[in-house]
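# Architecture and fold: a report
Each chain, letter by letter, is given below.
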Amino acid sequence: MIRVAVAGAAGRMGREVVRAVSGEADMRLVAAFDVVSAGVDAGAHAGMRDLGVAIAHPTEEALTAAVPDVLVDFTAAQSSLRIGLLAISLGVRLVSGTTGLGDAGLAELQRASADSRVGMIYAPNFSIGAVLMMHFAALAARYMHHAEIIELHHDGKRDAPSGTALLTAKRIRATWDHERVQTVSANTVPARGDLSEGVAVHSVRLPGLVAHQEVLFGSTGQILSIRHDSLDRASFMPGVLLAIRRVLTLDGPVIGLDSVLGL
Ligand code: NAD
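In short, a report on the structure. It should be emphasised that the depicted structure is a prediction, and the values quoted were computed from it without experimental measurement. What you see as residue numbers is a count from 1 along each chain, following the sequence as written. Local features in this predicted model are restricted to residues whose pLDDT is 70 or higher, and side-chain atom pairs enter the listing and the counts only when it is 80 or higher, whereas totals over whole chains, interfaces and linings include all residues. Excluded from the side-chain calculations are hydrogens and water; all other atoms, namely the structure's heavy atoms, are used.

### Focus: the site of the ligand
Taken together, 23 residues lie around the ligand, and Met 13, Asp 34, Gly 97, Thr 99 and Phe 126 are the ones closest in. In protein, a polar contact requires one atom able to donate a hydrogen and another able to accept it; more generally it is a pair of N or O atoms within 3.5 Å, and residues adjacent in sequence count only if both atoms are side-chain atoms. One nitrogen or oxygen atom from the main chain of Arg 12 is found 2.9 Å from an oxygen atom belonging to the ligand. The accessible surface values rely on the Shrake-Rupley method and a 1.4 Å probe; as for residues, cover is taken only from the protein chains in view. Considered on its own, the ligand offers 860 Å² of accessible surface; in the complex 84% of this is hidden by protein. Of all the secondary-structure elements, those providing two or more residues to the shell around the ligand are helix H1 (12–22) and helix H4 (77–89). Note that Gly is not counted as nonpolar here; it falls among the polar residues with everything else outside the nonpolar set of Ala, Val, Leu, Ile, Met, Phe, Trp, Tyr, Cys and Pro and the charged set of Asp, Glu, Lys and Arg. In the shell around the ligand, the residues fall into eleven nonpolar, eight polar and four charged. Whether a residue is near a molecule or strand depends on its heavy atoms: it is near if one of them lies within 4 Å of it. Numbering of helices and strands runs from the N terminus; a helix is a DSSP stretch of H or I covering at least four residues, while a strand is a stretch of E covering at least two.

### Some remarks on the nonpolar core
Within the largest apolar cluster, 55 residues are counted, with the highest numbers of intra-cluster contacts made by Val 72, Phe 126, Ile 172, Phe 217 and Ile 244. It is helix H6 (residues 128–141) that provides the largest number of residues to this core, a total of seven residues. What makes two residues a contact is simply this: any of their non-hydrogen atoms within 4.5 Å. Setting aside residues no more than four positions away along its own chain, Phe 126 makes contact with Phe 74, Val 95, Ser 96, Gly 97, Ser 235, Phe 236, Gly 239, Val 240, Ala 243 and Leu 257. Listed in part, the 21 residues of the second largest apolar core include Phe 33, Ala 66, Leu 86 and Ala 87. Here the nonpolar core consists of buried residues drawn from Ala, Val, Leu, Ile, Met, Phe, Trp, Tyr and Cys, with membership extended through side-chain atoms lying within 4.5 Å. When a residue's accessible area, from a 1.4 Å probe over protein chains only, is under 20% of the maximum for its type it is buried; when over 50% it is exposed; and in between it is partly exposed.

### Focus on the sheet that holds strand S9 (residues 199–205)
Strand pairing follows a simple DSSP-based rule, namely that at least 2 bridges must link the two strands. Strand order in the open sheet formed by five strands is S8-S9-S7-S10-S11, and the pairing between neighbours is mixed. The open sheet has two edge strands with one neighbour each: strand S8 (194–196) and strand S11 (222–230). Recorded for the sheet is a direction-independent mean angle of 25° between the axes of neighbouring strands. With nine bridges connecting them, strand S10 (residues 211–219) and S11 associate as antiparallel partners. When the sheet's bridge partners are listed, Ser 219 is paired in S11 with Gln 222. Relative to the sheet, H6 contacts S10 and S11, its axis offset from that of S11 by approximately 165°. Only the stretch in contact is used when a helix axis is fitted, and all axes are lines through C-alpha atoms; the angle between N-to-C directions ranges over 0 to 180 degrees.

### Observations regarding a nonpolar patch on the surface
Taken together, the side chains of Ile 128, Leu 261 and Leu 263 make up a nonpolar region of the molecular surface, amounting to roughly 210 Å² of accessible area. Tracing the sequence through the fold places Ile 128 in helix H6. A relative accessible area of 31% means that Ile 128 is categorised as partly exposed. Candidate patch residues must exceed 30% relative accessible area and have no salt bridge, after which like charges are joined if within 9 Å and Val, Leu, Ile, Met, Phe, Trp or Tyr side chains if within 5 Å. When a carboxyl oxygen of Asp or Glu is within 4 Å of a side-chain nitrogen of Lys or Arg, the pair counts as a salt bridge.

### Digging into unusual backbone geometry
The phi torsion of most residues other than glycine is negative, and most of the peptide bonds are trans. Following Ala 160, the chain continues into Pro 161 via a peptide bond in cis, with omega recorded as 0°. Among the structural elements, Pro 161 can be located in the loop between strand S7 (147–153) and helix H7 (163–175). Residues other than glycine seldom take positive phi values, yet Arg 117 does so here, at roughly 55°. Mapped onto the elements, Arg 117 comes out in the loop between helix H5 (102–116) and strand S6 (120–122). Take Arg 117: its relative accessible area is 56%, and that puts it in the exposed class.

### As for H5
Its 15 residues give H5 an end-to-end C-alpha distance of 22 Å, which sits within 8% of 21 Å, the value for a rise of 1.5 Å per residue. Burial in H5 covers these residues: Gly 105, Leu 106, Leu 109, Ala 112 and Ser 113. Across the axial projection of H5, the buried residues extend over an arc of 120°, all falling on one side. Exposed side chains of H5 directed beyond 90 degrees from the buried face belong to Asp 103, Ala 104 and Asp 115. Looking at the buried residues of H5, the elements they touch are H4, strand S5 (93–96), S6 and strand S12 (253–255). Phi turns positive one or two residues past the end of H5, at Arg 117, with a value near 55°. By definition here, a helix of n residues has an expected span of 1.5 Å times n minus one. Throughout, the arc means the angular range of directions from the helix axis out to the C-beta atoms.

### Here's the deal with the pairing of S9
Bridge count between S7 and S9: six bridges; the pairing is parallel. By the bridge assignment, Leu 152 is partnered in S9 with Val 204. As judged from the three bridges shared by S8 and S9, these two strands associate in the antiparallel manner. Looking across to S9, one finds that Asp 194 is bridged to Val 201. Turn length for the S8-S9 hairpin, with the two strands adjacent in sequence and antiparallel, is two residues, and the turn residue Glu 197 shows positive phi of about 55°.

Read these as layout, nothing more, since geometry by itself doesn't imply function.
So, in structure tokens, the structure goes:
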């Protein structure tokens, strides 16, 4: 039985993880952390039956007392580094999907995981379809050298551009040599988007959206459009459950669900 703790259990993703973990025969929710809804049962808060796990603050004592095998973190950029480092320092494996951490924060988590040989999986996108979308975009970038990204999310999302858009831009850029990098006026004309790794990224935030991204490649007389839509947060759960099982076999950091999928 895999003992799972969830940080951000009162949030949109956290509630989904609570539901997903409770539905797996080989997993058990043993702790739920959040800064809001303290004392409320995590199952009831996620719209299910009571699970006998009250939401608590993510302190060292609470994490130590729960003895989880894995901590799943879907909190906020400013707290996930502290929570992740705490878990790793206690020997608790980490599955984190919190975005907006920045390169330095992610590097710090990776170092802690590698140094203490405690497994960790960080993925800015746990949707298997979205990971395939990025994979196909990186493949297309080998042959088409002009690209723009339009990412669309619900209006509650704090960071922009999304972690997925930044990673997609990075992966596209990695396939281009210097001569091929397009020159767009994105940095000087705001309406042309934000230039990331030589790729213009446009962020849309509207109620009604969940998580969507379109990568457009243009070349003479043709456009290739690669699009992925997460229509429900449940779309992230197969990837999260896969990561919970896989992290048990790791003794260091793995970044990106594509590595977990062997792409
Ligand atoms: P949310 O605001 O609905 O939930 C975040 C929860 O974390 C809130 O309940 C908040 O109270 C809690 N929280 C904040 N600071 C905390 C702390 N110090 N300790 C404990 N709990 C704390 O946000 P959300 O939509 O669930 O998204 C959470 C994160 O996951 C964001 O960074 C988002 O971009 C990211 N996300 C990642 C993926 C992915 O596939 N990797 C998918 C969707 C969202």
